[in-house]
Amino acid sequence: MPETVVFYAFAALAIGASALVIGQRNPMYSVLLLIASFGALSGLYIQLDAPFVAVAQIIIYAGAIMVLFLFVVMLLNAPREDAAEWDRSHPLAHPGIGRFGALLATLLIVQLVWALAKVTELNTPVASRSDAATVGSVLEMGRVLFTRHTFAFEATSVLILVAMVGAVVLARREVSEQ
Amino acid sequence: MIPLSHYLIVSAVLFAIGTAGVFLRRNLITILLSIEIMLNAVNLTFVAFGRYAGNLDGQIITFFVMTVAAAEAAVGLALVIALFRHRESLNPDTFTSLKW
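Being a predicted model, the structure only gives us computed values, none of them experimental.

Points about the nonpolar core
The biggest cluster of nonpolar side chains holds 62 residues, and the ones touching the most others in it are Met66(A), Phe69(A), Leu76(A), Tyr7(B), Ile29(B) and Leu44(B). Breaking this core down by element, the ones donating at least two residues are α1 (2–21), α2 (27–47), α3 (51–76) and α6 (138–147) of chain A together with α1 (4–24), α2 (28–53) and α3 (57–87) of chain B. Top contributing element to this core by residue count: α3(A), with eleven residues. Non-local contacts of Leu44(B), meaning those with residues more than four positions away in its chain, are made with Leu41(A), Leu44(A), Tyr45(A), Leu48(A), Tyr7(B), Val10(B) and Ser11(B).

Section: the confidence of the model for chain A
When pLDDT is averaged along chain A, the result is 83, and 82% of the positions lie at 70 or above. Per-element averaging of pLDDT across chain A places helix α4 (residues 83–88) of chain A at the bottom with 63 and α2(A) at the top with 93.

Here's the deal with the interface of chain A and chain B
Tallying the contact residues gives 78 residues for chain A and 69 residues for chain B. With both chains or domains summed, chain A and chain B bury close to 6,800 Å², and 76% of this area falls on carbon and sulfur atoms. In this assembly, chain A and chain B are joined by two salt bridges. Residue Asp57(B) is joined to Arg148(A) by a salt bridge in which the shortest nitrogen-to-oxygen separation is 3.6 Å. Taken together, the connections running from chain A to chain B amount to eight residue pairs in polar contact (both at pLDDT 80 or more). Looking at the side of chain A that touches chain B, the elements that each hand over two or more residues are α1, α2, α3, α4, α5 (95–116), α6 and α7 (150–171) of chain A. Broken down by element, the residue count for the side of chain A that touches chain B peaks at 14 residues, all from α3(A). The residue makeup of the side of chain A that touches chain B, split by class, is 57 nonpolar, 13 polar and eight charged.

Calculation notes
- Residues numbered from 1 in each chain as written.
- Chains lettered and ligands numbered in written order.
- Predicted model: local features only at pLDDT ≥ 70, side-chain atom pairs only at ≥ 80, totals over all residues.
- Heavy atoms only, no water.
- Core = buried A, V, L, I, M, F, W, Y, C linked by side-chain atoms within 4.5 Å.
- Buried < 20%, exposed > 50% of the residue type's maximum accessible area, 1.4 Å probe, protein only.
- Helix = DSSP H or I, 4+ residues; strand = E, 2+ residues; numbered from the N terminus.
- Contact = heavy atoms within 4.5 Å.
- pLDDT = per-residue confidence, 0-100.
- Buried area = accessible area lost by both parts, 1.4 Å probe.
- Salt bridge = Lys/Arg side-chain N within 4 Å of Asp/Glu carboxyl O.
- Polar contact = N/O pair within 3.5 Å; in protein donor to acceptor, adjacent residues only side chain to side chain.
- Nonpolar A, V, L, I, M, F, W, Y, C, P; charged D, E, K, R; others polar.

Here's what the structure looks like:
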């Protein structure tokens, strides 16, 4: 079944790339691997009949936000040679604590997979029984966004304005007033 | 059709990876990247539930999460630049005092 193969390929790529993101000491490799992870997630969105979200994921996340990260990594010329020293001085670097944490994390993953594998109520999508066309429709989505969710949409513009002002104020270099 | 639980498991694993990154990494930029991983895991849950419940609200809220992620990245990176200017370091353990 090609659908299943594609799903597992994208899921494995997303999880593998994300795991490598936090396994790298060099932030440059981390950013590039995260772009690969976002690409795989956008493939999953296409499988979920959300083409507009998939394209926005590529354009906004992989295109805009990750370029911003790359820009800052290059601008700061981030020191990576002392990263190993930082890891040794980590407050959780004690081996006993590390093993206990690894045990707890494994238990959490096992518990999550066990609990989520029992979710069977929605295994066949509701939309495929009634009107399958509306879920993937960009036209319908724009209509809902600008009618039912207008207030949230307008509030988002205020959020972006605040973020813009905040970024300018925080990153500004202090100039001596004279 | 792939069962809904498969998407939820992928999302849970991604979220766990992001959480582990926040706790384990000693680099402010990697910590911000881990937060992005967590936000994306939540996005996947929203879209999957929206698809299987047959309405568009999951996709709509994904856009708002993306907007919040963009705002968070802008402010967070501005903070990283300001902190790096003060201490010439990206190690979060060097920023333990509130006033210097």
